[in-house]
Amino acid sequence: MINKKVANVQVALSDIADNMTIMLGGFGLCGIPENSIAELVRKNVKGLTCISNNAGVDDFGLGLLLQKRQINKMISSYVGENAEFERQMLSGELDVELTPQGTLAEKCRAAQMGIPAFYTPAGYGTEVAEGKEVRVFKGKPHILEHAFDADFAIVKAWKGDEAGNLIFKGTARNFNACMAGAAKITIAEVEELVPAGELDPNEIHVPGIFVKRIFQGEKYEKRIEQRTVRTK
Amino acid sequence: MLDKIGIAKRIAKELQDGFYVNLGIGIPTLVANYVPQGMNVEFQSENGVLGMGPFPFEGEEDADLINAGKQTITTLKGASFFDSATSFGMIRGKHVDLTILGAMEVSESGDIANWKIPGKMVKGMGGAMDLVASAENIIVAMMHVNKIGESKILKECSLPLTGVKCVKKIVTELAVMEVTDKGIKLLERAPGVSVEDIIKATEVTLLIEGDIPEMILD
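Reference entry: report on the structure contained in this document. Because the structure is predicted, anything quoted here is derived from the model rather than measured.

Rules and cut-offs
- Residues numbered from 1 in each chain as written.
- Chains lettered and ligands numbered in written order.
- Predicted model: local features only at pLDDT ≥ 70, side-chain atom pairs only at ≥ 80, totals over all residues.
- Heavy atoms only, no water.
- Contact = heavy atoms within 4.5 Å.
- Buried area = accessible area lost by both parts, 1.4 Å probe.
- Salt bridge = Lys/Arg side-chain N within 4 Å of Asp/Glu carboxyl O.
- Polar contact = N/O pair within 3.5 Å; in protein donor to acceptor, adjacent residues only side chain to side chain.
- Nonpolar A, V, L, I, M, F, W, Y, C, P; charged D, E, K, R; others polar.
- Helix = DSSP H or I, 4+ residues; strand = E, 2+ residues; numbered from the N terminus.
- Core = buried A, V, L, I, M, F, W, Y, C linked by side-chain atoms within 4.5 Å.
- Buried < 20%, exposed > 50% of the residue type's maximum accessible area, 1.4 Å probe, protein only.
- 1 Å grid on protein atoms, 1.4 Å probe; cavity = no way out; pocket = protein on both sides within 12 Å on 5 of 7 lines; lining within 4 Å.
- Points joined across faces, edges and corners; volume = space filled by probe spheres on them.
- Pairing = 2+ DSSP bridges.
- Phe/Tyr/Trp six-rings, centres within 6.5 Å; stacked < 30°, edge-to-face > 60°.
- Lys NZ or Arg CZ within 6 Å of the ring centre and 35° of its normal.
- Axes fitted to C-alpha atoms, helices over the stretch in contact; angles between N-to-C directions.
- Parallel < 35°, antiparallel > 145°, perpendicular 65-115°, else oblique.
- Left-handed = near helix turned anticlockwise from the far one by under 90°.

1. Regarding the interface of chain B and chain A
Note on interface size: it is often stated as the accessible area lost on association of the parts.
Argument step 1. In this assembly, 49 residues from chain B lie in contact with 50 residues from chain A.
Argument step 2. At the boundary of chain B with chain A, total buried surface from both sides reaches about 4,200 Å², with 59% on carbon and sulfur atoms.
Argument step 3. Contact with chain A buries surface across chain B, with Asp64, Lys70 and Lys123 of chain B losing the most and accounting together for 19% of the total.
Argument step 4. Residue Asp64 of chain B is joined to Lys222 of chain A by a salt bridge in which the shortest nitrogen-to-oxygen separation is 2.5 Å.
Argument step 5. At the junction of chain B and chain A, the tally comes to 25 residue pairs in polar contact (both at pLDDT 80 or more).
Argument step 6. Considering only residue class, the side of chain B that touches chain A consists of 22 nonpolar, 13 polar and 14 charged.

This is how it looks when you write it as structure tokens:
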């Protein structure tokens, strides 16, 4: 067993520096690497390019990094729900590359799987296609999109073991499973870290080979963005 | 004239047994409440769940279980979870049978705009561009006119496009319309709405053949 366990978040993120490109898992606030985001705030690294489907809310998730102006560029599919984000974007302080969600996921997956680029129909005929190569397959135009090239991928899982194997819960799998192994170094934070051998190999969602470092997060708030309920 | 629930009810009539369906945010989400009895459909939410169920009972919300609108949900028997790349594989690979989404504008040729108002609102396209580029069966649920009474069905969209030549059907508070090679064809009118009312509210010239029946909702 190759042991991927590191002591804590400080050790895991120790070599993240200014101006790096970082992928962060999560959809909305669901499945975001809360402990790592808090550590990025504490380290106060600046000039980051962040690849993440959303940008958090004003006071949680990536919104915390935006508040401290640590992000230069965001690559996301949807950035509503964050007033500070909108302000920085409209004033030009923040560079934003909006990418269709399926393309964003596939750009992660392509990086993970060693595919340099791919064609997709998403965005053809729109602003997204500007400057991109177009090719027709089976009579339908597609645009060429490239795999991401990031320094770090930070993902969050429900359970993990010391070998770096990951299991997700519910819809918190989202981008986390696509980003593991999609950057030079992948860091996984998990709610529960167990010794190798305790997770059933049949139930692993992401094999440990894609993960370089793993640690158990100190605490999880797991904030709910839209609490919708029905009455009994 | 229909309200939002009426629009959702009319769209629910487009569902077919065995359909996998992706619902957008807003009016489309309401369609899930009006699945005809005895019909089996499964709702896909692009953040990674098939077999989406209703909202949870109070106290049973789970932060790890949300839909694409970030609302807490539940799952039904037979549900599954998957990652975002797999989710859009289902969409791009045409495994999802029907996509229902909202729009700010739709053009005569079936172009759709629903993600950006330059200088005003830029929230992003989310999964809408992937959905409209790949789905073969796209129904738009929207109000016929905007807040100042202007037609949202236009010769050409004025807002940045989400996709081109993709919308198949439009359901509004006034009418059901089909996008054809020759233009937009009026299929049905809402209860209490005349063909003239619909013509007046629509910028494009509608194709009207014979008597236009009133929608049947229940």
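Once the structure has been displayed, the description carries forward.
2. Quick look at the side chain of Thr228 of chain A
Argument step 1. Secondary-structure assignment places Thr228 of chain A in the segment after strand E11 (213-216).
Argument step 2. Setting aside residues up to four positions removed in sequence, Thr228 of chain A forms contacts with Phe55, Pro56, Gln71 and Thr72 of chain B.

3. Quick look at the nonpolar core
Argument step 1. Formed by 52 residues in total, the largest nonpolar core has its most connected members in Ile100, Val140 and Ile170 of chain B.
Argument step 2. Apart from the residues lying within four places of it in its own chain, the contact partners of Ile170 of chain B are Val106, Val140, Met142, Ile153, Ala175, Val176, Met177, Val179 and Ile184 of chain B.
Argument step 3. Core analysis: the next-biggest nonpolar cluster, separate from the first, contains 41 residues, Leu29, Val41 and Leu66 of chain A together with Trp115 of chain B among them.

4. Regarding empty space enclosed by the protein
Rolled over the atoms, a probe as big as a water molecule pinpoints where empty space is left.
Argument step 1. Applying the stated criterion to the full structure yields four cavities of 30 Å³ or more.
Argument step 2. In terms of lining residues, the largest cavity is bounded by 16 residues, among which Gly28, Ile32, Ser52, Asn54 and Leu62 of chain A are the most central.
Argument step 3. Grouping the amino acids of the lining of the largest cavity by side-chain chemistry returns eight nonpolar, eight polar and no charged.
Argument step 4. Its volume calculated, the second largest cavity comes out at about 50 Å³.
Argument step 5. Lining the second largest cavity, in full, are Leu29, Gly31, Ile32, Glu34, Lys156, Tyr220, Lys222 and Arg223 of chain A together with Ala63 and Asp64 of chain B.
Argument step 6. The class makeup of the residues in the lining of the second largest cavity is four nonpolar, one polar and five charged.

5. Side note on the layout of surface pockets
Argument step 1. Computed from the structure, the second largest pocket encloses a volume of approximately 390 Å³.
Argument step 2. Along the wall of the second largest pocket there are 13 residues; nearest its centre are Met104, Ile117, Asn146, Lys147 and Leu159 of chain B.

6. Focus on the pairing of strand E14 (residues 183-189) of chain B
All names here are of chain B.
Argument step 1. Across six bridges, the pairing between strand E13 (residues 175-180) and E14 is antiparallel. Looking at the pairing, Val176 lines up with Glu188 of E14.
Argument step 2. Connecting E13 to the antiparallel partner E14 that follows it, the hairpin turn spans two residues.

7. Description of the sheet that holds strand E6 (residues 105-107) of chain B
Residue and element names in this part refer to chain B.
Argument step 1. Pairing is mixed across the open sheet formed by three strands, whose spatial order is E7-E6-E11. Either end of the sheet is taken by a strand with one partner, and the two such strands are strand E7 (112-113) and strand E11 (153-154).
Argument step 2. Note: E6 against E7, two bridges, orientation antiparallel. Considered in E7, the bridge of Glu105 is made with Ala113.

8. Re the pairing of strand E1 (residues 20-23) of chain B
All names here are of chain B.
Argument step 1. As judged from the three bridges shared by E1 and strand E2 (residues 42-45), these two strands associate in the parallel manner. Looking at E2, one finds that Tyr20 is bridged to Glu42.
Argument step 2. Note: E1 against strand E5 (residues 98-101), three bridges, orientation parallel. Bridging from a neighbouring strand, Leu23 pairs with Ile100 of E5.

9. Thoughts on the environment of Ile5 of chain B
All names here are of chain B.
Argument step 1. Here Ile5 shows up in helix H1 (residues 4-12).
Argument step 2. In this structure the C-alpha to C-alpha distance between Ile5 and Ile27, which are 22 residues apart in sequence, comes to 7.5 Å.
Argument step 3. Not counting chain neighbours up to four residues away, the residues in contact with Ile5 comprise Leu30 and Tyr34.

10. A word on the packing of aromatic side chains
Argument step 1. If you walk through the whole model with that rule in mind, you get one aromatic pair over all chains.
Argument step 2. Its end group placed over the ring of Trp158 of chain A, Lys159 of chain A keeps NZ or CZ at 4.4 Å from the ring centre.

11. Some points on helix H3 (residues 84-92) of chain B
Argument step 1. Three or more residues of H3 of chain B are buried, namely Ser84, Ala85, Ser87, Phe88, Met90 and Ile91 of chain B.
Argument step 2. Looking at the packing, one finds that the buried side of H3 of chain B touches helix H5 (101-113) and helix H6 (176-179) of chain A together with E1, E2, strand E3 (49-52) and helix H4 (128-134) of chain B.
Argument step 3. The residue sitting at the N-terminus of H3 of chain B and contributing the capping side-chain oxygen is Asp83 of chain B; that oxygen lies 2.9 Å from the backbone nitrogen of Ala85 of chain B.

12. Points about the packing of H5 of chain A against H3 of chain B
Argument step 1. With their axes 8 Å apart at the nearest point, H5 of chain A and H3 of chain B run at an angle of 125° to one another. With respect to each other, H5 of chain A and H3 of chain B are oriented oblique. Relative to H3 of chain B, the crossing made by H5 of chain A is left-handed. Counting all contacts with H5 of chain A, which are made through Gln101, Gly102, Thr103, Ala105, Glu106 and Arg109 of chain A, the residues of H3 of chain B involved are Ser84, Ala85, Phe88 and Arg92 of chain B.
Argument step 2. Within the contact of H5 of chain A with H3 of chain B, the residues separate by chemical class into three nonpolar, four polar and three charged.

13. A look at the sheet that holds strand E4 (residues 75-81) of chain B
The strands making up a sheet associate through backbone hydrogen bonding, with each pair oriented either parallel or antiparallel.
Residues and elements named next belong to chain B.
Argument step 1. Strand order in the open sheet made by the nine strands is E4-E3-E2-E1-E5-E10-E12-E13-E14, with mixed pairing throughout. A single partner strand is all that each edge strand has here, and the edge strands are E4 and E14. Sheet twist, expressed as the average angle between the axes of neighbouring strands with direction ignored, equals 25°.

14. Quick notes on the pattern of salt bridges
Pairing of side chains with opposite charge becomes possible as their charged atoms draw close.
Residues and elements named next belong to chain A.
Argument step 1. In total, this model carries 27 salt bridges over all chains according to the counting rule given.
Argument step 2. With its nearest N and O atoms 3.8 Å apart, the salt bridge here joins Lys107 to Glu145. Taken as a pair, Lys107 in helix H5 and Glu145 in strand E7 (residues 140-146) lie far apart in primary sequence, 38 residues in all. You'll find Lys107 and Glu145 in the same group, each marked buried.

So, to be careful, I would describe these as geometric facts and stop short of saying anything about function.
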